[in-house]
Amino acid sequence: FEREGQIQPLGINGEGLFKLLKVFSSEYPEKLNEIKAHLHLIDWFKELDVPKGLFEGERYVQITDRYLAPDLGYFDQSSSNEGFLFLLFYFSLFISDDTPKFFAIDNIDASLNPKLCSQLVIELAELAEKYDKQAILTTHNPAVLDGLNLGDDGQRLFVIYRNKLGHTRATRIFKP
């Protein structure tokens, strides 16, 4: 949230995420609502708001935890965990009309628990189809594979490795 990048609307380190959420909030509330619906993958998540009337340079979102005492209200992104921010980024990336139609996400499982990884892949596959996106996801976590539907030709699993000569090889894994 602190930096803006040259790549618009989202940079590879999350640059531009606040700006994109702000656009969704003011111009495309249905997209922000869709992101919120997907964020319910996290059991504690209740609400996400982009405050209006922020001062120049002020960048934060209000996140409500359903287990948080009501008198505490909300917290901002700096108090949320890294996994939540990754989900917010991924859903924004897939839902935005201004992001590329083809991209890659390295280590999609970073900062996420295994059960969440499986469900995330299922939901990202649905969003990819809905928004005409194609994504290459890398992982070392077998839980991510549990979210793949190898019966759907739009979802494919490849094992990438180097042979004894150091040449990179890819082998497609089919549904058993």
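For the structure itself, look to the data block above.
Fair warning: this is a prediction, and the values are worked out from it, not measured in the lab.

Engineer: Help me out: how do you make sense of helix α3 (residues 82–95) in this one?
Structural biologist: Each α-helix turn comprises 3.6 residues. Residues three or four places apart therefore point the same way. Under the 1.5 Å per step criterion, the end-to-end length of α3 is 20 Å for 14 residues, consistent within 8% with the ideal 20 Å. Buried residues dominate α3, accounting for 11 of its 14 residues. Listed as buried for α3 are Gly83, Phe84, Leu87, Leu88, Phe89, Tyr90, Phe91, Ser92, Leu93, Phe94 and Ile95. The N-cap residue of α3 is Asn81: its side-chain oxygen and the backbone nitrogen of Gly83 are 3.2 Å apart.

Engineer: Sorry, what's going on with the nonpolar core here?
Structural biologist: In a soluble, globular protein the nonpolar side chains are often hidden away together inside. By size, the foremost hydrophobic cluster in this structure holds 41 residues, and its most contacted members are Leu21, Leu39, Leu48, Phe84, Leu87 and Phe91. The set of elements that each furnish at least two residues to this core consists of α1 (17–27), α2 (29–39), β1 (45–49), α3, β3 (102–105), α4 (114–130) and α5 (142–145). Among the elements that line this core, the one with the most residues is α3, at nine residues. Apart from the residues lying within four places of it in its own chain, the contact partners of Phe91 are Ile35, His38, Leu39, Leu41, Leu120, Glu123, Leu124 and Leu127.

Engineer: Help me out: how do you make sense of the packing of aromatic side chains in this one?
Structural biologist: Aromatic ring pairs are defined here through the distance separating the ring centres and the angle between the ring planes. Overall, the coordinates contain six aromatic pairs when judged by the stated rule. Between Phe86 and Tyr90, the ring centres sit 5.9 Å apart and the planes meet at 25°, which makes this aromatic pair stacked. Linking Phe86 with Tyr90, this pair stays in helix α3, spanning four residues, or about one helical turn. On the numbers, 6.2 Å between centres and 65° between planes, the contact of Phe89 with Tyr90 is edge-to-face. Using a relative accessible area of 13% as the deciding quantity, one classes Phe89 as buried. Relative accessible area serves as the criterion here: at 3%, Tyr90 is assigned to the buried category. Through a chain of ring-to-ring contacts, the aromatic side chains of Trp44, Phe45, Phe75 and Phe84 assemble into a single cluster.

Engineer: For this particular structure, what's the right way to read the side chain of Asp109?
Structural biologist: By secondary structure assignment, the location of Asp109 is in the loop between β3 and α4. The side chain of Asp109 is buried and forms no salt bridge, while Lys115, the nearest opposite charge, is found at 18 Å. The residues contacting Asp109, other than those within four sequence positions of it, are Cys117, Thr138, Thr139, His140, Asn141 and Val144.

Engineer: Explain the pattern of salt bridges to me, please; I cannot follow it from the model alone.
Structural biologist: Side chains bearing opposite charge may pair, as long as their charged atoms lie close to each other. For the coordinates displayed, the defined rule picks out six salt bridges. Between Lys130 and Glu34 there is a salt bridge, with its nearest N and O atoms 3.0 Å apart. On the criterion of sequence distance, the pair formed by Lys130 in helix α4 and Glu34 in helix α2 is long-range, its members being 96 residues apart. Taking the relative accessible area as the measure of exposure, Glu34 reaches 14% and is therefore buried. Asp49 is the partner of Lys36 in a salt bridge, and the nearest nitrogen-oxygen pair spans 4.0 Å. Here Lys36 is found in helix α2, whereas its partner Asp49 is found in strand β1, with 13 residues between them in sequence. Among the residues examined, Lys36 registers a relative accessible area of 13% and is labelled buried. Here Asp49 falls in the partly exposed class, since its relative accessible area comes to 31%. Several salt bridges share partner residues, and in doing so they unite Lys36, Glu47 and Asp49 into one network.

Calculation rules
- Here the residue numbers are simple positions, counted from 1 along each chain's written sequence.
- Reporting in this predicted model follows two pLDDT cut-offs: at least 70 for local features of residues, and 80 or more for side-chain atom pairs to be given and counted; totals over whole chains, interfaces and linings ignore these cut-offs and use all residues.
- Just so you know, side-chain values use all the structure's heavy atoms and leave hydrogens and water out.
- Secondary structure follows DSSP: runs of H or I at least 4 residues long count as helices, runs of E at least 2 residues long count as strands, and numbering of each begins at the N terminus.
- Any helix carries an expected span of 1.5 Å times its number of residues minus one.
- Throughout this description, buried means an accessible area under 20% of the type-specific maximum (1.4 Å probe, protein chains only), exposed means over 50%, and partly exposed covers the range between.
- Counted as a polar contact is a pair of N or O atoms within 3.5 Å, where, for protein atoms, one must be capable of donating a hydrogen and the other of accepting one, and residues adjacent in sequence contribute only when both atoms are in side chains.
- Throughout, nonpolar core names a set of buried Ala, Val, Leu, Ile, Met, Phe, Trp, Tyr and Cys residues whose side chains join them through atoms within 4.5 Å.
- Only heavy atoms enter the contact rule, under which two residues are in contact if any of them lie within 4.5 Å.
- Only Phe, Tyr and Trp rings are paired, with Trp represented by its six-membered ring, and only when their centres lie within 6.5 Å; those with planes under 30 degrees apart are stacked, over 60 edge-to-face, the remainder tilted.
- In this charge count, Lys and Arg are treated as positive and Asp and Glu as negative; neither His nor the chain ends contribute.
- Put simply, a salt bridge is a Lys or Arg side-chain nitrogen that is within 4 Å of an Asp or Glu carboxyl oxygen.

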